[in-house]
Amino acid sequence: MAEIPLYFVDLQDDLDDYGFEDYSPDCDSMRVTAFLDIPGQDNLPPLTRLEKYAFSDNVFNRQIIARGLLDIFRDFSNDEEDFLTVMAIVVRLSEDTEPTVRTELMEQIPSIAIFLQETRSNFPMVFSEYLIPIVVRYLTDPNNQVRKSGQEVLVVLLEQDLIFQHDIENKVCPILLALSAPDSNDEYKAEAVNIICRLASVLSKSTVERLLLPRFCELCGDGKLFQVRKVCATNFGDICHAVGQEATEKFLIPKFFELCSDNVWGMRKACAECFMAVSYNTSPEVRRTQLSPLFIQLVSDSCRWVRQAAFQSLGPFISTFANPSRAGLYIREDGTLSIRPPVPDTESNFPCGSASASSCVNTTPACHAGPDSRACPGSPEDEFSHFLYWRTPLPDISQDLELLLSEAGLQGAGCCGPETVHSSCVARSEIQKVLDSLQKHMMSDPDIQAQVQVLSAALRAAQLDSVCEPERQPADGVSALSLSDPGPVSSCQPALSASAPQSELSVARILQSTSLGKPHGGASDHLGTKQRHDPIPLEESKSKLQDIIPQPLLDEYVSMTDPARAQTVDTDIAKHCAYSLPGVALTLGRQNWHCLKDTYATLASDVQWKVRRTLAFSIHELAVILGDQLTAADLVPIFNGFLKDLDEVRIGVLKHLYDFLKLLPEDKRREYLYQLQEFVVTDNSRNWRFRHELAEQLILILELYNPNDIYDYLMHIALKLCADKVSEVRWVSFKLVVAILQKFYSNSESALGLNFINELIVRFRHCSKWVGRQAFAFICQTVVSEECIPVDQFVEHLLPSLLSLASDPVPNVRVLLAKALRQTLLEKAYFRNAGHPHLEVVEETVLALQSDQDQDVSFFATLEPKRRNLDTPMLEKQN
């Protein structure tokens with residue numbers, strides 16, 4: 001039979017004539033070459049015969065022709081006339097009455113488009129004139145299967161950038177806008193809005209804003225179909241990203257508020273899930289003053305599923321408030337976390353009064369000072385503050401408050417001293433005074449705007465209280481506050497009550513922050529002296545002083561560890577809290593770690609091992625964020641607890657053991673040398689991947705310790721892993737052994753290296769099991785390959801034992817010896833030198849292995865090394 005081209009053509013009667021009686025049309029993978037090039041009874045040329053069967057009354061014939069269009073194009077695209085004929089057949093098939101034919105045709109469009117793009121110079125014209133109209137027409141096909149296929153193909157073409165912008169704007173967008181019109185078919189409308197959302201990611205910002213944004217905003221308020229609103233809510237973040245910040249705040253944020261208040265809980269849930277993406281495309285002012293209260297609304301939604309989605313998105317939403325200039329940390333282009341370098345200054349050595357720093361402010365990273373940090377007296381920070389430079393300063397109202405309080409007779413009474421202010425005595429005049437001071441600056445700072453709102457509400461409440469209860473004593477307000485220090489001044493000053501109303505707590509925070517708004521000079525002299533010379537514990541009130549994120553968001557986040565949340569929201573809520581904690585910590589910065597310290601400790605002791613496992617996998621990243629001092633104080637104890645936890649938790653610590661240990665001081669790091677041996681023991685002996693990971697981590701950890709520590713502790717762990725029952729663990733452990741040898745000799749500790757070599761010879765060369773002797777051959781091969789020890793040391797101490805394996809009774813040992821000698825040792829120029837004293841012995845051993853009775857041994861002993869020819873000219877040049 002003559003050779004025939006391959007096509008998916010089923011013409012059973014004709015195939016029978018050519019010996020294809022056993023062909024099954026159900027076998028789609030079988031490419032049948034029917035007779036298009038074989039003279040048949042009709043005497044038709046191949047292309048004409050193709051047209052005959054493409055328009056056959058047999059539906060299956062037309063379906064197979066549609067399925068094989070790509071192969072047809074490959075055979076007939078060289079001739080222009082034949083190509084146009086095939087393209088006409090495609091157009092005819094696209095109008096076929098059978099839906100299966102149209103579906104088969106549509107599924108071939110992406111492959112055909114890619115082929116034409118690679119082979120035809122006039123691809124834009126061909127694709128635009130023939131294929132795009134077919135795809136667009138199928139978007140309104142009455143058959144659901146054909147329509148879905150057309151939608152999928154359109155998305156694929158858009159993602160692969162096969163449709164040109166001109167065609168998108170003039171052919172695709174008009175049909176989508178028509179299908180999504182208010183009077184359009186409901187089913188078409190839901191499908192069209194989904195494509196519109198996916199189309200926005202591939203169009204330019206101006207095109208999306210001009211063509212698609214008005215319709216998207218209209219569809220967000222579609223009151224007829226909740227499915228349309230659901231698609232809009234699900235893709236809201238992508239649309240915000242496509243149009244940018246200005247259009248998002250002007251057009252999309254009002255629609256987002258409507259969707260977050262939708263009667264259908266699925267809409268509100270979808271909004272909660274995309275909240276971070278929306279927040280990312282807004283300004284800090286909008287994020288703080290509008291989106292933050294809106295998110296609090298979702299967190300307290302009546303539907304459990306909405307609350308669940310909101311709490312899952314809480315951490316990611318908080319991360320959008322991150323400001324590298326304030327957190328002292330930033331993400332490099334390669335994705336690694338980096339710390340901003342400290343400001344060089346050696347003139348001042350005075351200790352700071354802030355409890356969050358262990359040294360003066362000028363030794364902390366630039367832009368690192370937080371709202372609870374104060375400058376050292378006499379330091380350059382008194383003249384310039386990075387924090388105050390980049391942030392609109394809060395107004396100085398300390399003198400006004402002092403005068404106000406003195407007039408009210410609130411100073412000099414009680415055991416707490418003249419600096420103590422009892423918040424129960426806060427009167428309307430005091431709040432009004434603070435409001436007057438803040439309103440001058442409220443337009444330039446979202447923080448002040450939020451403070452004004454809280455104080456206004458407090459003022460209205462105070463006015464109502466004065467009307468309803470004029471005789472009530474001011475004894476049930478917020479707890480005492482100090483204008484000179486955010487913490488309690490003495491034992492007679494009660495701490496902030498947990499049962500105090502939220503509004504009163506907010507007022508307390510604002511009064512505290514305004515009193516701290518001037519970190520250097522300017523207030524009364526005795527107040528500054530009090531701050532400098534009387535550092536007071538701030539544990540009780542420091543958690544209220546961060547201003548990186550809105551306080552209600554932080555309050556909701558730390559409440560995720562409350563056991564009641566697991567009952568009312570989600571049983572995995574603690575896991576979500578643990579997962580996002582590094583991002584929240586990065587946002588707050590290390591100066592605000594006190595806000596999360598207790599939350600982290602609670603999560604670390606959670607009864608669910610998956611919560612502790614999540615923390616274990618990220619503790620190394622948190623250590624980078626917090627720095628060495630906070631890590632040693634707060635993370636090391638938790639890290640030690642994880643070391644003794646279940647294997648499911650320990651694996652998280654183990655996978656990043658090197659990353660964590662390298663952040664510790666040397667003295668702290670040495671404490672873990674003995675504990676590393678505990679990793680060899682696992683809850684389940686079959687958990688070999690745990691030991692495999694330990695070996696890989698030890699290879700990295702070698703650089704953290706000196707050779708003596710490695711010899712005393714890590715060497716024994718490596719030898720134990722080399723004897724593991726699982727081969728994968730053993731092979732990576734052999735690499736660990738070689739790395740230890742390299743560490744010894746690179747640090748000029750040849751005595752330790754020699755002792756280790758002797759230990760290897762005893763344990764492996766003279767091992768009673770062939771696996772050990774095979775391991776010795778592999779170790780020697782790797783030592784030569786990595787050049788980790790001096791050549792003379794290898795020749796003197798390892799080579800004789802290696803060559804003695806030539807008489808080993810086990811072929812597997814001799815195979816590895818042949819590889820080590822032929823493919824590695826003889827490739828080194830040192831051994832290929834004709835004057836080398838040991839060359840003759842090595843070559844004799846190789847010759848003996850070449851005549852070995854085992855075929856595998858002789859094969860590898862004879863096999864020419866791959867790089868032999870490449871190294872020979874270089875060697876000859878050296879000679």
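Residues numbered from 1 in each chain as written. Predicted model: local features only at pLDDT ≥ 70, side-chain atom pairs only at ≥ 80, totals over all residues. Heavy atoms only, no water.

*Asks:* Which residues make up the overall build of the protein, and what values go with them?
*Replies:* Along the protein, the regular secondary structure elements total 44 helices and four strands. In the protein, the proportion of contacts linking residues at least 24 apart, taken out of those at least 6 apart, comes to 68%. Summing over all exposed atoms, the protein offers an accessible surface of approximately 41200 Å²; the carbon and sulfur share of this is 51%. (Helix = DSSP H or I, 4+ residues; strand = E, 2+ residues; numbered from the N terminus. Contact = heavy atoms within 4.5 Å. Areas by Shrake-Rupley, 256 points an atom, 1.4 Å probe, with all protein chains shown as cover.)

*Asks:* Let's hear about the nonpolar core: which residues, and what values?
*Replies:* In this structure, Leu-116, Phe-236, Phe-256, Leu-714, Phe-794 and Leu-802 are the most contacted members of the largest nonpolar core, which totals 213 residues. The element that contributes the greatest number of residues to this core is helix α29 (residues 609–643), accounting for 14 residues. Among all residues touching Phe-236, those that are not within four sequence positions of it are Phe-216, Cys-220, Leu-252, Lys-255, Phe-256, Leu-259, Cys-274 and Val-278. (Core = buried A, V, L, I, M, F, W, Y, C linked by side-chain atoms within 4.5 Å. Buried < 20%, exposed > 50% of the residue type's maximum accessible area, 1.4 Å probe, protein only.)

*Asks:* Account for the side chain of Asp-606, with residues named and values stated.
*Replies:* For Asp-606, the location among the structural elements is in the loop between α28 (597–604) and α29. Here Asp-606 is buried and forms no salt bridge, its nearest opposite-charge partner Arg-612 lying at an N-O distance of 5.9 Å. The contacts of Asp-606, once residues within four sequence positions are left out, are Ala-574, Val-611 and Arg-612. (Lys, Arg positive; Asp, Glu negative; His and termini not counted. Salt bridge = Lys/Arg side-chain N within 4 Å of Asp/Glu carboxyl O.)

*Asks:* Quick one: what's the story with helix α14 (residues 265–273), residue by residue and with numbers?
*Replies:* Listing the buried residues of α14 in full gives Gly-266, Met-267, Arg-268, Ala-270, Cys-271 and Ala-272. Where α14 is buried, its residues contact α12 (226–234), α13 (236–260), α15 (275–280), α16 (284–299) and α17 (304–319).

*Asks:* Account for the pattern of salt bridges, with residues named and values stated.
*Replies:* Evaluation of the coordinates by the stated rule reveals 29 salt bridges. Of the charged contacts in the structure, one is a salt bridge between Arg-74 and Asp-71, with a shortest N-O distance of 3.3 Å. Of this pair, Arg-74 and Asp-71 both sit in helix α4 (residues 69–76), three residues apart, which is roughly one turn of that helix. Residue Asp-71 is classed as buried on the basis of its relative accessible area, which comes to 10%. Beyond isolated ion pairs, a larger network of salt bridges with shared partners links Arg-147, Lys-148, Glu-187 and Glu-191.

*Asks:* Tell me about the environment of Ala-578, residues and numbers included.
*Replies:* Considering the arrangement of structural elements, one finds Ala-578 in helix α27 (residues 573–588). C-alpha of Ala-578 to C-alpha of Ala-616: the two residues are 38 residues apart in sequence and 9.7 Å apart in space. Each residue touching Ala-578, except ones within four places of it in the same chain, is listed here: Leu-603, Val-611, Thr-614 and Leu-615.

*Asks:* Residues and numbers for helix α43 (residues 855–862), please.
*Replies:* For α43, the complete set of buried residues consists of Val-857, Ser-858 and Ala-861. End-on, the buried residues of α43 take up no more than an arc of 95°, which puts them together on one face. Close packing links the buried residues of α43 with α40 (811–824) and α42 (839–850). Its side-chain oxygen placed 3.0 Å from the backbone nitrogen of Asp-856, Asp-854 serves as the N-cap of α43. (Arc of directions from axis to C-beta. Polar contact = N/O pair within 3.5 Å; in protein donor to acceptor, adjacent residues only side chain to side chain.)

*Asks:* Would you mind going over the packing of aromatic side chains in detail, with residue names and values included?
*Replies:* A full pass over the atoms with the stated rule returns 21 aromatic pairs. With a centroid separation of 5.4 Å and 85° between ring planes, the pair formed by Trp-731 and Phe-734 is classed as edge-to-face. Note that Trp-731 and Phe-734 are positioned in helix α35 (residues 727–746) at a spacing of three residues, about one turn of the helix. Owing to a relative accessible area of 29%, Trp-731 belongs among the partly exposed residues under this scheme. Between Phe-744 and Phe-756, the aromatic rings sit 6.1 Å apart at their centres with planes inclined by 85°, giving edge-to-face as the arrangement. One end of the pair, Phe-744, is in helix α35; the other, Phe-756, is in helix α36 (residues 750–765), with twelve residues separating them in the sequence. Each member of the pair, Phe-744 as well as Phe-756, carries the same accessibility label: buried. A network of ring pairs unites the aromatic residues Phe-216, Phe-236, Phe-256, Phe-275, Phe-295, Phe-317 and Phe-321 as a single cluster. Over the ring of Phe-55 we find Arg-92, and its NZ or CZ is 3.8 Å from the ring centre. (Phe/Tyr/Trp six-rings, centres within 6.5 Å; stacked < 30°, edge-to-face > 60°. Lys NZ or Arg CZ within 6 Å of the ring centre and 35° of its normal.)

*Asks:* Tell me about the packing of helix α33 (residues 688–701) against helix α34 (residues 707–722), residues and numbers included.
*Replies:* Running from amino to carboxyl end, α33 crosses α34 at an angle of 145°, the nearest separation of the two axes being 11 Å. Once α33 is placed against α34, the crossing between them reads as left-handed. Of α34, the residues touching α33 (which contributes Arg-691, Leu-694, Ala-695, Leu-698 and Ile-701) are Leu-714, Ile-717 and Leu-721. Counted by class, the contact of α33 with α34 contains seven nonpolar, no polar and one charged residues. (Axes fitted to C-alpha atoms, helices over the stretch in contact; angles between N-to-C directions. Left-handed = near helix turned anticlockwise from the far one by under 90°. Nonpolar A, V, L, I, M, F, W, Y, C, P; charged D, E, K, R; others polar.)

*Asks:* Describe in detail unusual backbone geometry, supporting the description with residues and values.
*Replies:* One non-glycine residue with positive phi stands out, namely Asp-161, at about 60°. Within the fold, Asp-161 resides in the loop between α8 (144–159) and α9 (165–179). We classify Asp-161 as exposed; its relative accessible area is 58%. Phi is positive for Ser-748, close to 60°, though the residue is something other than glycine.

*Asks:* Help me get a handle on the environment of Ala-601, residues and values and all.
*Replies:* Mapped onto the secondary structure, Ala-601 falls in helix α28. Each C-alpha atom of the pair Ala-601 and Leu-635 lies 9.0 Å from the other, and the pair is 34 residues apart in sequence.

*Asks:* Any details on the environment of Leu-700? Residues and values, ideally.
*Replies:* Structurally, Leu-700 can be placed in helix α33. Note on Leu-700: relative accessible area 40%, which makes it partly exposed. Linking Leu-700 and Asp-659, residues 41 residues apart in sequence, is a C-alpha distance of 9.2 Å.

*Asks:* So what about the side chain of Arg-287? Which residues, and what values?
*Replies:* One can find Arg-287 in helix α16. A distance of 3.0 Å separates a polar atom in the side chain of Arg-287 from a polar atom in the side chain of Ser-279. Here the side chain of Arg-287 touches Thr-320 through a polar contact of 3.2 Å, landing on its backbone oxygen.

*Asks:* Kindly report on the confidence of the model for the protein, identifying the contributing residues and their values.
*Replies:* Summary statistics for the protein give a mean pLDDT of 76 and a share of 68% for residues scoring 70 or more. Predicted confidence is poor over residues 368–394, with pLDDT under 50, and the contacts of this stretch with residues over four places away or in other chains come to 72 contacts. Per-residue pLDDT stays below 50 along residues 868–879; that stretch engages in eight contacts with residues further than four places along the chain or on separate chains. (pLDDT = per-residue confidence, 0-100.)

*Asks:* Before we move on, can you summarise the state of the cysteines with the specific residues and values?
*Replies:* A complete count under the given rule lists zero disulfides for this structure. Of all cysteine sulfurs, the one in Cys-232 lies closest to Cys-220, which takes part in no disulfide; the gap is 4.1 Å. A relative accessible area of 3% means that Cys-220 is categorised as buried. (Disulfide = S-S within 2.5 Å.)

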